Amino acid sequence: MADLIQSIQDMLKEETWTRATIGNYTQNNLKELANIVEQTRAQNCVKEVYAICQEHLSHTKDSIIALYICGILDLQKGSLDNSSLITLVDIFQNNHKGNIVTYLCESILADDPNNKFALRTLAEVYLAEGNDKVWELYETLVKIDFEEADLAKLLAEHYESAGDTESAIGYFKKAILRYINANNYNAVKEIWTKLVKYIPDEFDYFQLLRRKISKTMGDMKTTTLMQELYTAYKPEATKENGKWDQAIIILKQNLEIEPKDNWARKEIADCFRGKYAGHSHLEDYIRSSNLTQSYRNVFEAISDFEKHIAFDKGSFVFHRNWGVGIIRKLDNDTLTINFGKVAGIKEMKLSMAVTALKPLAKDHIWVLKATSQKDELAKRVKDDKVWALKTIIKSFDNNCDFKRIKAELVPAILTAGEWTSWNSAAKKILESDSSFGVNPNDISMYTVRDGNITPEEKLSNEFKAQKQFFARVDILMKFFNNEMTDQTSEYFAEMYSYFTGYLKNISKVTEQVLASYLIVQYIGSINKQLAFPVKYTFAELYSKIENPREIYSLLKDSKNTHLKADFLKAIKMLPDWNEQYITLFPTVLDKALLIDLIKEGYVADAQKLAKKAFDSYKDYRETVLFFFKECQNEEWFKGADIPYEKQLITLIDIIELTFHEINNHVNSTENKKINKVATSLLFDSGAIFDYMFSKDEENVKKMYTLIDDVADMDPSYKLLSRNKILEKYPDFKFRVSEEKTTQPKGMIVTAKKLSEKKAELEHIQNVEIPANAADVADAKAKGDLKENQEYKSAKEQQHMLNLRLTKLQEELNTAVVFDPTTSTTAIVSFGTVVTLTNNESGKDEVYTILGPWESDPDNNIISYKSPFGGAILDKKVGTKVEFTINEHKYNYTIKDISKAKNF
């Protein structure tokens, strides 16, 4: 290493390059310097050599040796500073050393294929030489530089002249979007004309451009452009081929900007004539609306015309009380409308119809439901979901959410059960089918596109409509991970720039800034062309985070993102990562962190955290639960020397603490979750009982007392504890207050009966109620409700069904499924068969004790909540019981208690 450094120092001292000697410089000289750079890296003296060359440049700025060595070393370490290489290339360019410039640029690109300076410089050389490779370089530059518009236009014109229209269109699209962002209207107008020529049918795309131009350059700039597009939708010579709806939209948009545009006003009247050719009152309505008269407000005139033109013989309408009807006759200003069975034939003045009726298209879902056989319509809806979705969405001004879709289908066409599977398939269609889009202002509203759109545009529209940051992250990553999308498209660039924008001027590291950093770094690592120069290292960003645990919690993952995992991976690269992992663990609660700590020798740190968690359980509740459940058998955890009894008592303490906070409405949702987990760890796993019975009776008494002292503990767990204790210690003496077993809150039921009741509830909701609703509607349609006995009967049935439904729902809400493993024969309780000796007759009577749902007195199955069941509940064998029910005295002795079977 010392010899190499000395050799470089000697070379720098002896360097006598002048303009004359530069002329004699060859590629071999550069190859010798390249060899020195490789030796520098091989001998691990990069820092020393770099420092020597930098010092030399401070007083000899045009040193070829120093510039080359510093430039290549900067390049190889990924530095954003290309100044040394730029200076070096300039020196050779100024001295007309084209071959050296080419060699330098190709060498740079070998290490950094996306180096913009080298690409542009080499492109200049190739262009001067007439080398066709220049087009490949231009393509690369357009891919990596999202602001490069001129080269995109140049490429488009190149492919256009070569007859490759598809490639030309692609580059024209890139160019026009970039010129819009650059506010270059003249270039936009030039390319607009090209696109109108090549892709006039892509109406939605032109609408996208119009919105962007309006936002960037102002509304007035759009009118001339849209007027040019208009000619493609309303051919002058053959009006019958005109796309009237699109043409009318264009004219309305222009009139919104210039309401006094008489040309547009005249054109829209002509478009209406083309669209409604054959309407019996077309000219009358144009004349009466004053559509062609400049003195009337143009939009009032359009509105007046469109309201009237919708009413013609054979058209469908909707009335809020009479439903769907069809216009059978239009006589001057009087409409004759057939509303079918509901209201029959109605006559209405046109002036009233305009306000009282809603015109419907022939393919409106309401029209189809009114005119089609239900079975046939249901079959088509099930078989052709795309058609069904398009029909419903278009029926509501091409702007419809899933609530509306469901409302139109259930229960009129599909049952609730059929809807479940249909709904799942329909959502997949809306997500994948390019003929569907979303409202740019509301992600929940779906639209139908006039033509299919690219996956890129579809995702871009979803991105714009989505207002939530992490939902946008998911859309970006869906775009990036989709093999069918073009990551070099302007759509991706626009989405990507949203996140890179968070990284330009960072004053505070929020969850959005951190997520943006993680996303940009990940994307850049996969696709070098998308690498973004972030000014800060992760260590610098992390130092700005005020609360790492909080910011970790605020990161939101999805099926397309793993931000939390990426955050932890980045932390692992910090010098004090072990300390940070310990700090984050109570929030992360991921065993992978512990594995990394133990593997790297930080056992004592992990043990210290475990002890701290159990000692300060109020602040580490979930951490305690994690350690107890996941680490119980780990050697490092055993080495922490936390007594097992202490662990169990800590869980009981957590249960009591969470009950206290729940009762005081403190973090109720979180506390209920923690309470449930802690209770399950103690009782469902049997941990508390294994330890309780592992020692003597005193240990049983101590542990049970701790359980019993938790006032809000679910009585079923106390009952379970009592039963298990009595099985092992039949003469165990509980405290005086424990003479009677407290039954669980709610109503104890068997799993079998619960299943039956749920099925009954579902049948009422999905079968009986919809059937009754149909009966009510049919009866109502017959009119004269006062004397309509069918209607009254259907309404009474509706009332009874609602009462049954309410009662059943209330019972289900309080139902507690009986756990057969808690059954005991020590006392009379749920799930036991009791043999009673009648002390007056001397005869035995046998009863099964179950719940209200299972009760069957004729077969001696008694509810524990009944007066009889309550009187014998909790009694032991040999106990004498006397009680009175409905003035009848009973006198029994408990003879035998056994477990009930098959219930």
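Preceding this paragraph is the structure being described.
Values in this document were obtained by computation on a predicted structure and should not be read as measured data.

Asks: Give me the lowdown on the overall build of the protein, citing residues and values where you can.
Replies: The helix and strand tally for the protein stands at 45 helices and 14 strands. Relative to a compact globule of 903 residues, whose C-alpha radius of gyration would be 29 Å, the protein shows 41 Å and is clearly more extended. The C-alpha extent of the protein, read off along each of the three principal axes, is 130 × 100 × 40 Å. Expressed as a percentage of the 903 residues in the protein, the buried residues total 46%. Within the protein, contacts between residues at least 6 apart in sequence are counted, and of these 57% link residues at least 24 apart.

Asks: Describe the sheet that holds strand β1 (residues 316-319), naming the residues involved and giving the relevant values.
Replies: Whenever strands of a sheet pair, they do so through backbone hydrogen bonds, lying parallel or antiparallel. Across the sheet, which stays open at both edges, the five strands sit in the order β4-β3-β2-β1-β5 with antiparallel pairing between neighbours. With partners counted over all chains shown, the strands left at the sheet margins are β4 (345-349) and β5 (358-360), one partner each. Strand-to-strand twist in this sheet, taken as the mean axis angle between neighbours without regard to direction, amounts to 40°. Strand direction decides the pairing type here: strand β2 (residues 323-331) and strand β3 (residues 334-338), joined by five bridges, are antiparallel. Bridged to Asp331 within β3 is Thr334.

Asks: Describe the environment of Trp366, naming the residues involved and giving the relevant values.
Replies: Residue placement: Trp366 occurs in helix α21 (residues 365-371). In this structure, the C-alpha to C-alpha distance between Trp366 and Glu494, residues 128 residues apart in sequence, is 40 Å. If we skip the residues at most four places from it in the chain, Trp366 touches Phe318, Val324, Lys358, Leu360, Phe396, Arg404 and Glu408. At 3.0 Å, the side chain of Trp366 forms a polar contact with the side chain of Glu408.

Asks: Talk me through a negative patch on the surface; I want residue IDs and the actual numbers.
Replies: A cluster of acidic residues, Asp696, Glu697, Glu698 and Asp731, forms a negative patch at the surface. Of note, Glu697 is situated in helix α41 (residues 697-708).

Asks: Can you explain unusual backbone geometry? Please cite residues and give values.
Replies: Cis rather than trans, the peptide bond between Val410 and Pro411 has omega equal to 0°. Examined against the element boundaries, Pro411 turns out to sit in the loop between α24 (402-409) and α25 (416-432). At Leu589, a position not held by glycine, the phi torsion is positive, near 50°. Positive phi, close to 75°, is recorded for Asp874, a residue that is not glycine.

Asks: Describe helix α13 (residues 203-217), naming the residues involved and giving the relevant values.
Replies: Residues spaced three or four apart along an α-helix face the same direction, because each turn holds 3.6 residues. Over its 15 residues, α13 runs 20 Å from end to end, which matches the ideal 21 Å to within 8%, given 1.5 Å per residue. Extensive coverage of α13 is indicated by the burial of eleven of its 15 residues. Looking at α13, one finds that the buried residues are Phe203, Asp204, Tyr205, Phe206, Gln207, Leu208, Leu209, Arg210, Lys212, Ile213 and Met217. Tucked into the core, α13 has its buried residues touching α11 (165-181), α12 (185-198), α14 (220-233), α15 (244-257), α26 (455-465) and α28 (490-500). Phi turns positive one or two residues past the end of α13, at Gly218, with a value near 105°.

Asks: Tell me about the environment of Arg265, and name the residues and values.
Replies: Assignment of secondary structure puts Arg265 in helix α16 (residues 262-275). For Arg265, a relative accessible area of 5% puts it in the buried group. Counting along the chain gives 29 residues from Arg265 to Ser294, while the straight-line C-alpha distance between them is 8.2 Å. The residues touching Arg265, leaving out its near neighbours within four places in the chain, are Leu255, Asn290, Leu291, Thr292, Gln293, Ser294, Arg296, Asn297, Val298 and Ala301.

Asks: Pulling in residues and values, what's your account of the pairing of β1?
Replies: Strand direction decides the pairing type here: β1 and β2, joined by four bridges, are antiparallel. Residue pairing for β2: Phe316 is matched across the bridge by Ile326. The turn joining β1 and β2, which pair antiparallel and follow one another in sequence, is formed by three residues. Where β1 and β5 come together, three bridges link them in antiparallel fashion. When the bridges of β5 are listed, Val317 appears paired with Pro359.

Asks: Help me get a handle on the sheet that holds strand β12 (residues 861-863), residues and values and all.
Replies: Spatial ordering of the open sheet is given by β12-β11-β10-β14-β13, a layout of five strands whose pairing is mixed. Because the sheet does not close on itself, it has two edges, and the strands there are β12 and β13 (880-885). Taking each pair of neighbouring strands and ignoring which way they run, the sheet shows an average axis angle of 45°. Where strand β10 (residues 832-838) meets strand β11 (residues 844-850), six bridges bridge the pair, whose relative direction is antiparallel. Looking at β11, one finds that Val833 is bridged to Thr848.

Asks: A description of the pattern of salt bridges should follow, citing residues and the corresponding values.
Replies: Going through the model one piece at a time under the given rule, you end up with 38 salt bridges. Linking Lys478 and Glu431 is a salt bridge whose minimum nitrogen-to-oxygen distance equals 3.5 Å. Of the two residues, Lys478 sits in helix α27 (residues 469-481) while Glu431 sits in helix α25, which places them 47 residues apart along the sequence. In this structure Glu431 comes out as partly exposed when scored by relative accessible area, which is 40%. Three or more residues are tied together by salt bridges with common partners; here these are Lys266, Asp270, Arg273 and Glu283.

Asks: Report on the side chain of Asn560, specifying residues and quantitative values.
Replies: Tracing the backbone shows Asn560 in the loop between α31 (548-554) and α32 (563-571). Not counting chain neighbours up to four residues away, the residues in contact with Asn560 comprise Asp474, Met477, Lys478 and Asn481.

Asks: Account for the packing of helix α6 (residues 83-94) against helix α8 (residues 116-129), naming residues and giving values.
Replies: As a packed pair, α6 and α8 sit with axes 11 Å apart at the nearest point and diverge in direction by 15°. Of the possible angle classes, the one that applies to α6 and α8 is roughly parallel. For the pair α6 and α8, the sense of crossing is left-handed. Each of Leu85, Ile86, Val89 and Gln93 in α6 lies in contact with α8, whose residues at this interface are Phe117, Thr121 and Glu124. Of the residues belonging to the contact of α6 with α8, the class tally is four nonpolar, two polar and one charged.

Asks: Go over the side chain of Asn254, please, and point to the residues and values.
Replies: Within the secondary structure layout, Asn254 lies in helix α15. Residue Asn254 is classed as buried on the basis of its relative accessible area of 3%. Other than its neighbours up to four places away in sequence, Asn254 contacts Thr222, Thr223, Met226 and Gln227.

Asks: Account for the packing of aromatic side chains, naming residues and giving values.
Replies: All chains considered together, the criterion is met by 54 aromatic pairs. Between Tyr276 and Phe305, the ring centres sit 6.0 Å apart and the planes meet at 70°, which makes this aromatic pair edge-to-face. Note that Tyr276 is positioned in the loop between α16 and α17 (282-288) and Phe305 in helix α18 (residues 298-309), a separation of 29 residues in sequence. Note on Phe305: relative accessible area 0%, which makes it buried.

Asks: Quick one: what's the story with the environment of Thr140, residue by residue and with numbers?
Replies: Mapped onto the elements of the fold, Thr140 is located in helix α9 (residues 134-144). The spacing of Thr140 and Asn114 is 26 residues in sequence and 7.6 Å in space, taken between C-alpha atoms. For Thr140, the contacting residues outside a window of four places in its chain are Pro113, Asn114 and Leu119.

Asks: Talk me through the nonpolar core; I want residue IDs and the actual numbers.
Replies: It is characteristic of soluble globular proteins that their nonpolar side chains tend to be buried jointly. Ile176, Trp192, Leu195, Phe567, Phe627, Ile688 and Met692 are the most contacted members of the largest nonpolar core, which totals 216 residues. Per element, the largest residue contribution to this core is ten residues, and it comes from helix α5 (residues 64-76). Residues contacting Met692, with those up to four places away along its chain left out, are Asn699, Val700, Met703, Tyr704, Ile707 and Ile725. Ranked by size, the runner-up nonpolar core spans 34 residues in total, among them Ile365, Leu368, Leu377 and Ile392.

The rules behind each value
- Residues numbered from 1 in each chain as written.
- Predicted model: local features only at pLDDT ≥ 70, side-chain atom pairs only at ≥ 80, totals over all residues.
- Heavy atoms only, no water.
- Helix = DSSP H or I, 4+ residues; strand = E, 2+ residues; numbered from the N terminus.
- Rg over C-alpha atoms; globule rule 2.2 N^0.38 Å.
- Buried < 20%, exposed > 50% of the residue type's maximum accessible area, 1.4 Å probe, protein only.
- Contact = heavy atoms within 4.5 Å.
- Pairing = 2+ DSSP bridges.
- Axes fitted to C-alpha atoms, helices over the stretch in contact; angles between N-to-C directions.
- Polar contact = N/O pair within 3.5 Å; in protein donor to acceptor, adjacent residues only side chain to side chain.
- Patch = residues over 30% accessible without salt bridge, like charges linked within 9 Å, V, L, I, M, F, W, Y side chains within 5 Å.
- Areas by Shrake-Rupley, 256 points an atom, 1.4 Å probe, with all protein chains shown as cover.
- Salt bridge = Lys/Arg side-chain N within 4 Å of Asp/Glu carboxyl O.
- Lys, Arg positive; Asp, Glu negative; His and termini not counted.
- Charge placed at Lys NZ, Arg CZ, Asp CG, Glu CD.
- Expected span 1.5 Å × (residues − 1).
- Parallel < 35°, antiparallel > 145°, perpendicular 65-115°, else oblique.
- Left-handed = near helix turned anticlockwise from the far one by under 90°.
- Nonpolar A, V, L, I, M, F, W, Y, C, P; charged D, E, K, R; others polar.
- Phe/Tyr/Trp six-rings, centres within 6.5 Å; stacked < 30°, edge-to-face > 60°.
- Core = buried A, V, L, I, M, F, W, Y, C linked by side-chain atoms within 4.5 Å.

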